[in-house]
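# Architecture and fold: a report
One letter stands for each residue in the lines below.
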Amino acid sequence: MELNGRTAIGFEEGRSSSAKWFDDLTRVRFAGPVSAHHRLLPRELSPETLAVHAGTYEDPVTGCVGTPVFQTSTFLLDDASYSAFADGAMRDVPIYTRYGNPSQWAVQEKLAALEGSRSAIVTSSGMSATASTIFALTNAGSHIISAYDVYGGTYNLLREDMPSTGREVSFVDPNDLAAVRAAVRPETQLLFFETLTNPLLKAPPIGALAEIAREANALLVVDNTFLTPVNMRPIAHGADIVVHSATKYLAGHSDLTAGAVVGRRKFLDRIWAQTLRFGGTLEPLSCFLLERGMKTLALRVERQNANATEIARFLATHDRVAAVHHPEVGGPHYADLARDDYRGFGGVVSFEVRGGDDAALAFMGRLKIPYVATSLGGVESLVSMPSNTSHSSLTSGQRASIGIRPGLVRFSVGIENVRDLIDDLNDALNGE
Ligand SMILES: *Cc1c(COP(=O)(O)O)cnc(C)c1O
C-alpha cells in the first residue's frame, strides 16, 4: 500500500481488519508481527542459518545489509494506523514504539524462528519478560507451580508479588514428577520451570512436565536462558511459552539488558498487552545490539558447550575440587537425563573448591583471565560465588538444603581458548 507518498512499509492489505483480537482467543492469527520487508524463513532451517538471517529487515529504500536502527518513539499516522486502532490490532502496525517498532520485529522474528514458534516479544529485561508472562497468563484466585531453586528474581516475584495479587504458588523440585503432580490443584493455571537451573545445572524433564501441565489444563512456561534454542527447543518438547533473559547468551556480549518471550500468537498477544501496561518495551538501539549479537549465537554457544565440557572434565580430576556440577561429568542429578534431547549444555559449570567460601574467594582472586563478576553467557569468562551474590539472602543452612555447599563457584565459560582457561584455573587452584 502507498500512503501519503511514503514508501509502503509492506503490510498485507486487510491485515488489520480482522476481528478484535484483544478479546477473541479463537480467531485465526497471523504469525509475527512482521512487515513484508522482514525476512521470513522456514522454521526447519538450522539454528546457524536462522541466527544469521531470520527476521532481518531488508530495507527497500537503501538496500542496506542488516536491519537499520529505527530510532524513533512514534510513527506517522495513516489509514492503516487508524484501522488498527479501530480493530484493536495495534500490535501489527507501527504506531508508537512501546507498542511495536520494526527493530523489535526483526529480532522477534529471529527469536520465534530459533525457538520454532510463531510469535515473540522482546522486553527491557528478563524479569520484565517473566513478570509480564506470569501476570498475563494467570488471574487472581489461580495457582502456580514452580521450583524452589528458580532464578532469584523469579523466586522473589513468585513469593512476594503473587500472593499479594491473589495468586498462590507451590514450590517443588521439578525433577520429582510425583511432587509436581501432587501439587496440581483444580485452579492451577501455570507451571513455571527452567530448562537448566542456576547454579547446580539440574535439567528437569520438559516433556514430562508438559504432559502434567496438559493433564492439568494449565500452561507450561519455561525459562530457556541457560540452554538457548541452539541446545534445546522447549516448544518442540511440549512447552507452551519460552522466556529468556536475553541479557545472557542471546545478546552474548555483556553489554545490554533485555528479555524475550516466545510462543503461539494467541498467548503472545496477551503477554504483549501486559507488557504495554507494565511499560517493559525494548529500545530500538538495544534491539539492534541484540539482533547483531544473535547472529553469532550458534557459533558462540557451540564453543561454550565445548569449553565448559572440557573444563568440567578437568575440574573433576583436580584434587582441590570437591565436586563438579555439569551434565557431561555425570552425577545423581543426571541419572534420567534424556541426552538426545540436547545438543549441549551451555557454558556454565559450577564446582566446590576445597576449604570453603574463603578458599573459593582467594582462588577467584588468583584467576588472571576471567572477570570476577555476576551474570553469564557473554563471550568473556565470568566467575562468581552464589553464597555472596545470588543466594546471599539465604542462611547457610538454607543454601545447604538446596545443594549450595561452602566453596561453590559458578564459572560462566566464554569463547576464549580452552587451554588458556584450564592453565589459569589450574594455577589458581594450586595457589599460584
Ligand atoms: C539473569 C536471569 C534472569 C533475569 O534476567 P534479567 O535480564 O537480568 O532481568 C532470569 N532467568 C535467568 C535464568 C537468568 O539467568
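Analysis parameters
- Residues numbered from 1 in each chain as written.
- Predicted model: local features only at pLDDT ≥ 70, side-chain atom pairs only at ≥ 80, totals over all residues.
- Heavy atoms only, no water.
- Near = heavy atom within 4 Å.
- Polar contact = N/O pair within 3.5 Å; in protein donor to acceptor, adjacent residues only side chain to side chain.
- Areas by Shrake-Rupley, 256 points an atom, 1.4 Å probe, with all protein chains shown as cover.
- Nonpolar A, V, L, I, M, F, W, Y, C, P; charged D, E, K, R; others polar.
- Domains from an automatic or database assignment.
- Contact = heavy atoms within 4.5 Å.
- Buried area = accessible area lost by both parts, 1.4 Å probe.
- Salt bridge = Lys/Arg side-chain N within 4 Å of Asp/Glu carboxyl O.
- Helix = DSSP H or I, 4+ residues; strand = E, 2+ residues; numbered from the N terminus.
- Buried < 20%, exposed > 50% of the residue type's maximum accessible area, 1.4 Å probe, protein only.
- Pairing = 2+ DSSP bridges.
- Right-handed = clockwise from strand over helix to strand, strands pointing away.
- Phe/Tyr/Trp six-rings, centres within 6.5 Å; stacked < 30°, edge-to-face > 60°.
- Core = buried A, V, L, I, M, F, W, Y, C linked by side-chain atoms within 4.5 Å.

## Examining the site of the ligand
Taken together, the residues surrounding the ligand are Ser 125, Gly 126, Met 127, Tyr 151, Asp 223, Thr 225, Phe 226, Ser 245, Thr 247, Lys 248 and Ala 258. At a separation of 2.8 Å, an oxygen atom of the ligand approaches a polar backbone atom of Met 127. Taking Asp 223, its side chain carries an N or O atom lying 2.7 Å from a nitrogen atom of the ligand. Burial of the ligand by the protein chains amounts to 90% of its free accessible area of 380 Å². In terms of residue class, the shell around the ligand is built from four nonpolar, five polar and two charged.

## Here's the deal with the domain arrangement of the chain
Here the chain is partitioned into domain 1 (101-294) and domain 2 (297-429). Centre-to-centre, using C-alpha coordinates, domain 1 lies 24 Å away from domain 2. In this assembly, 26 residues from domain 1 lie in contact with 35 residues from domain 2. Between domain 1 and domain 2, roughly 2700 Å² of surface is buried when both sides are summed, and carbon and sulfur atoms account for 61% of that area. Interface area lost by domain 1 to domain 2 is led by Leu 200, Asn 231 and Tyr 249, which between them contribute 26%. One can count zero salt bridges joining domain 1 with domain 2. Along the contact surface separating domain 1 from domain 2 lie 14 residue pairs in polar contact (both at pLDDT 80 or more). Secondary-structure elements contributing two or more residues to the side of domain 1 that touches domain 2 are α8 (228-231) and α10 (284-294). Among the elements that take part in the side of domain 1 that touches domain 2, α8 stands out by supplying three residues, more than any other. Residue composition of the side of domain 1 that touches domain 2, by class: 16 nonpolar, eight polar and two charged.

## Some thoughts on the pattern of salt bridges
This model, assessed by the stated rule, comprises 17 salt bridges. The residue Glu 211 makes a salt bridge to Arg 214 at a minimum N-O spacing of 3.2 Å. Placement of both Glu 211 and Arg 214 in helix α7 (residues 206-215) is noted, with a separation of three residues, approximately one turn of the helix. Residue Glu 211 is classed as partly exposed on the basis of its relative accessible area, which comes to 39%. Within this structure, Arg 91, Asp 92, Arg 265 and Asp 269 form a network of salt bridges that share partners.

## Things to note about the pairing of strand β5 (residues 219-223)
Counting buried residues along β5, five of its five residues qualify, which places the element largely inside the surrounding structure. Residues Leu 219, Val 221 and Asp 223 line one face of β5 and the alternating positions Leu 220 and Val 222 line the opposite face, and both faces are buried. As judged from the five bridges shared by strand β4 (residues 188-194) and β5, these two strands associate in the parallel manner. Looking across to β5, one finds that Leu 190 is bridged to Leu 219. At this point the chain moves from β4, through α7, to the parallel β5, and the crossover so formed is right-handed. For β5 and strand β6 (residues 241-245), the ladder comprises three bridges, and the chain directions are parallel. What sits directly across from Val 222, in β6, is Val 242.

## Looking at the environment of Asn 417
Residue position: Asn 417 is located in the loop between β12 (408-412) and α14 (418-429). On the basis of relative accessibility, which here comes to 42%, the residue Asn 417 falls in the partly exposed class. A C-alpha to C-alpha distance of 8.1 Å links Asn 417 and Asn 307, two positions 110 residues apart in sequence.

## Considering the packing of aromatic side chains
Tallied over the full model, the rule gives seven aromatic pairs. Between the aromatic rings of Phe 135 and Phe 278, the centroid separation amounts to 5.5 Å while the plane-to-plane angle is 90°, which identifies the pairing as edge-to-face. Taken together, the residues Phe 135 in helix α4 (residues 126-137) and Phe 278 in helix α9 (residues 265-278) connect sequence positions 143 residues apart. Residue classification places Phe 278 among the partly exposed residues on the basis of a relative accessible area of 43%. When the ring of Tyr 155 is compared with that of Phe 171, the centres are 4.8 Å apart and the planes differ by 50°; the resulting orientation is tilted. Taken together, the positions of Tyr 155 in helix α5 (residues 152-164) and Phe 171 in strand β3 (residues 168-172) put the pair 16 residues apart, joining distant regions of the chain. What links up through ring pairs into an aromatic cluster is the set Tyr 96, Tyr 99 and Trp 272.

## Concerning the nonpolar core
Within the largest apolar cluster, 89 residues are counted, with the highest numbers of intra-cluster contacts made by Leu 191, Phe 193, Leu 220, Ile 241 and Leu 290. Each of two domains, domain 1 (101-294) and domain 2 (297-429), supplies a minimum of three residues to this core. Beyond its immediate sequence surroundings of up to four residues, Leu 220 is in contact with Leu 191, Phe 193, Ile 206, Leu 209, Ala 210, Ala 213, Ala 239, Asp 240 and Ile 241. Core analysis: the next-biggest nonpolar cluster, separate from the first, contains 25 residues, Ala 312, Val 324, Val 409 and Leu 421 among them.

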